[in-house]
Amino acid sequence: LYDVNSSARITLLNFCDYVQWVPGSDAVVAQSRNMLYVWYRIEHTDQVLTREIKGDVEEIERMDGVTQVVVDAGMNRCRYKLDEDLIAFDTALDDMQLVRAMQIMEMMDVKARKEAARNRNNPHAEAKRKEESSKELGDTEKSREAM
């Protein structure tokens, strides 16, 4: 990345097979070997989500409120869903649509409360959520412990 204001260059990945902006947003998706990287706010380069994948990223699909990374895994095509709420929220902030950003944040809060209520009633759902969160953060040891 090149910061026009400071004339600084920032290397996000040393080895990169694929990189693309998520259409209509400031989020970036990249692949380095068998890892998928997602920066929901590219100006915060240290805040990246990672996920192990098998195959090569082909494209990013964004339609009907769902954003997915399409991966060619040989005989299959896998889809990895991105957090559309985060993408929409950050885009609204960047576009100075503060009312829209607030509406998205309120919607995210309602979803989180519903999810928490479901998890309280289902201990297996909480374990699954912990496993998925650990995988998102690249912590395979914790993802195994959560199982």
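Parameters and conventions
Residues numbered from 1 in each chain as written. Predicted model: local features only at pLDDT ≥ 70, side-chain atom pairs only at ≥ 80, totals over all residues. Heavy atoms only, no water. Pairing = 2+ DSSP bridges. Helix = DSSP H or I, 4+ residues; strand = E, 2+ residues; numbered from the N terminus. Axes fitted to C-alpha atoms, helices over the stretch in contact; angles between N-to-C directions. Buried < 20%, exposed > 50% of the residue type's maximum accessible area, 1.4 Å probe, protein only. Contact = heavy atoms within 4.5 Å. Salt bridge = Lys/Arg side-chain N within 4 Å of Asp/Glu carboxyl O. Core = buried A, V, L, I, M, F, W, Y, C linked by side-chain atoms within 4.5 Å. Polar contact = N/O pair within 3.5 Å; in protein donor to acceptor, adjacent residues only side chain to side chain.

A sheet is described by the order of its strands in space; here three strands give the open sequence S7-S8-S9, paired in antiparallel fashion. Each having just a single partner strand, strand S7 (56–63) and strand S9 (76–81) make up the two edges of the open sheet. When the angles between neighbouring strand axes are averaged without regard to direction, this sheet yields 25°. As paired strands, strand S8 (residues 66–73) and S9 are joined by six bridges and run antiparallel to one another. Residue pairing in the sheet places Ala73 in a bridge with Asn76 of S9.

Note on placement: Gln47 falls in the loop between strand S5 (35–39) and strand S6 (49–52). Here Gln47 falls in the partly exposed class, since its relative accessible area comes to 49%. Sequence-distant contacts of Gln47, defined by excluding residues within four places in its chain, comprise Val38 and Trp39.

Before going further, it helps to spend a moment on the pattern of salt bridges. In a structure, side chains of opposite charge can pair up when their charged atoms sit close to one another. Applying the stated criterion to the full structure yields seven salt bridges. Here Arg77 ties to Glu58 by a salt bridge, and the two come within 2.9 Å at their closest N and O atoms. Placement of Arg77 in strand S9 and of Glu58 in strand S7 is noted, with a sequence separation of 19 residues between them. Overall, Arg77 belongs to the partly exposed group, its relative accessible area being 44%. When its relative accessible area of 38% is taken as the criterion, Glu58 is described as partly exposed. Two residues, Glu61 and Arg79, come together in a salt bridge whose shortest N-O distance is 3.3 Å. Within this pair, whereas Glu61 is found in strand S7, its partner Arg79 is found in strand S9, the two being separated by 18 residues in sequence.

A sheet is described by the order of its strands in space; here four strands give the open sequence S3-S4-S5-S6, paired in antiparallel fashion. Looking at the sheet topology across the chains shown, the edges are occupied by strand S3 (18–21) and S6. In this sheet, adjacent strand axes meet at a mean angle of 15° when their direction is disregarded.

Counting 15 residues, the largest nonpolar core has Val22, Val29, Leu36, Val57, Val69 and Leu82 as its most contacted members. Elements represented by at least two residues in this core include exactly S5, S7 and S8. Look past the residues within four positions of Val22 in its chain and what remains in contact with it is Ala27, Val29, Ile60, Arg62, Thr67, Leu82 and Ile87. Of all hydrophobic cores here, the second largest spans seven residues; its members include Leu13, Ala30, Met35 and Tyr37.

Quick look at the side chain of Ser25 now. Among the structural elements, Ser25 can be located in the loop between S3 and strand S4 (28–32). Residue classification places Ser25 among the buried residues on the basis of a relative accessible area of 12%. Side-chain polar atoms of Ser25 contact the backbone nitrogen of Ala27, separated by 3.1 Å. Not counting chain neighbours up to four residues away, the residues in contact with Ser25 comprise Arg62, Ile87 and Thr91.

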